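# Observations on chain architecture
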Amino acid sequence: MPDVSPPKSAALRAMYWRSEILQVMYWLQGEGLGDVVDAPLLERFLGVDASNGVTYLDRLVVEGYLIRQGEWYALSDTGMAEGATEFAMAFSDLTRPAHGECSDDCWCHASVEEAEACLAGRQHDHHHDGHDH
Amino acid sequence: MRIVDSTVLPRAHLRVVLLLLLRAGSSHGYDLLEETRRLGMRTAEAAGVYRTLRALELDNCVTSWWEPSQSGPARRTYAITPAGEFALAEGIQELDGLRRSLNRLLARYRDMDRDG
């Protein structure tokens, strides 16, 4: 990503790439552009060097998010659910409406995860003011 | 001398192209990719569209949400924001400036050609 750098810590870096990889795979699948990725494809999408990309992909296989098919990797059911959540979380701060801005096409109608996040936010922010949604 | 296809819009303008397309209405990644190619950026790839859309979203120029599908996985729908409208206007102004500069350069060349 142009404006975001991977974290310095190895553990945080692994989490960062897990999130980025699952998001891009979920997006590709939604667009009908492909159900599988390989390391060179990841390099084009995320800028992660292909040799490092393979390491992250294999780690996601071990963690149960991906299924390996030769040189290609596909999302498992767990990976699919996680990809959706990661994508929703990545932009939740940008898309979350301020108090009183919620409408029929609010972001929170887009998925269960986003609806739950919106509900939690509203309970926290507007507990006493009867915010109707 | 290497002859390039001068009708291909350089990829550096992808940001403006995507904002322009989204100004016409919200859309999905794949459709934006197809429209981008139709607008002259024939070498545009899905990866570039994905990265640019995410960068635009981080800059608050674009907003997006999941659109559930009956037949398959959810698709991300993208829309332009007021900040995106502003960025588009700036981008178009820059392109207009570039066009004027290119016109001056071409006019100078043609003048030389005509004067021998």
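Refer to the structure presented above.
Let me sum up the structure you'll find in this document. Everything numeric in this text was worked out from a predicted model, so none of it was measured.

### Comments concerning unusual backbone geometry
Residue and element names in this part refer to chain B.
- The residue Asn60 is not glycine, and still its phi comes out positive at about 65°.
- Relative to the helices and strands, Asn60 resides in the loop between α3 (46-58) and β2 (62-67).
- Note on Asn60: 14 C-beta atoms within 10 Å, which makes it partly exposed.

### Focus: the nonpolar core
- The biggest cluster of nonpolar side chains holds 46 residues, and the ones touching the most others in it are A:Ile21, A:Val24, A:Met25, A:Leu42 and B:Leu18.
- For this core, the element with the most residues is helix α1 (residues 10-31) of chain A, which contributes eight residues.
- Dropping the residues within four chain positions of it, A:Val24 is found in contact with A:Phe45, A:Leu46 and B:Tyr50.

### Some remarks on the pairing of β2(B)
Residues and elements named next belong to chain B.
- Most of β2 is tucked away: five of the six residues are buried.
- With six bridges connecting them, β2 and strand β3 (residues 75-80) associate as antiparallel partners. Counterpart to Ser64 in the pairing with β3 is Tyr78.

### A short note on the sheet that holds β3(B)
All names here are of chain B.
- Read across the sheet, three strands follow the order β1-β3-β2 without closing on themselves; strand pairing throughout is antiparallel. Where the open sheet ends on each side, the last strands, each with one partner, are β1 (27-28) and β2.
- In this structure, β1 lies alongside β3, joined through two bridges in antiparallel fashion. Bridging across to β3, His28 finds its partner in Thr77.
- Packed on one face of the sheet, helix α1 (residues 14-23) meets β1, β2 and β3 and runs near 90° to β3.

### Section: the pairing of strand β3 (residues 72-75) of chain A
All names here are of chain A.
- Burial along β3 is one-sided: the residues Tyr73 and Leu75 are buried and none of Trp72 and Ala74 is.
- Pairing geometry for strand β1 (residues 36-37) and β3, over two bridges, is antiparallel. Its bridge partner lying in β3, Val36 is registered against Ala74.
- Judged from the four bridges that link them, strand β2 (residues 66-69) and β3 form a sheet pairing that is antiparallel. Residue pairing for β3: Leu66 is matched across the bridge by Leu75.
- From the end of β2 to the start of β3, which pair antiparallel, there are two residues, and Gly70 there has a positive phi angle of about 70°.

### Overview of the packing of helix α2 (residues 39-46) of chain A against helix α3 (residues 50-62) of chain A
Residue and element names in this part refer to chain A.
- Between α2 and α3, whose axes approach to 8 Å, the crossing angle comes to 110°. As far as their axial angle goes, α3 and α2 are roughly perpendicular. Facing α2, whose interface residues are Ala39, Pro40, Leu42 and Glu43, α3 presents Ala50, Gly53, Val54 and Leu57.
- A breakdown of the residues in the contact of α2 with α3 according to their chemical character gives six nonpolar, one polar and one charged.

About the thresholds
Residues numbered from 1 in each chain as written. Chains lettered and ligands numbered in written order. Predicted model: local features only at pLDDT ≥ 70, side-chain atom pairs only at ≥ 80, totals over all residues. Helix = DSSP H or I, 4+ residues; strand = E, 2+ residues; numbered from the N terminus. Buried ≥ 20, exposed ≤ 12 C-beta atoms within 10 Å, placed from the backbone. Core = buried A, V, L, I, M, F, W, Y, C linked by C-beta atoms within 7 Å. Contact = placed C-beta atoms within 7 Å. Pairing = 2+ DSSP bridges. Axes fitted to C-alpha atoms, helices over the stretch in contact; angles between N-to-C directions. Parallel < 35°, antiparallel > 145°, perpendicular 65-115°, else oblique. Nonpolar A, V, L, I, M, F, W, Y, C, P; charged D, E, K, R; others polar.

Functional significance is not addressed by these values, which are geometric in nature.
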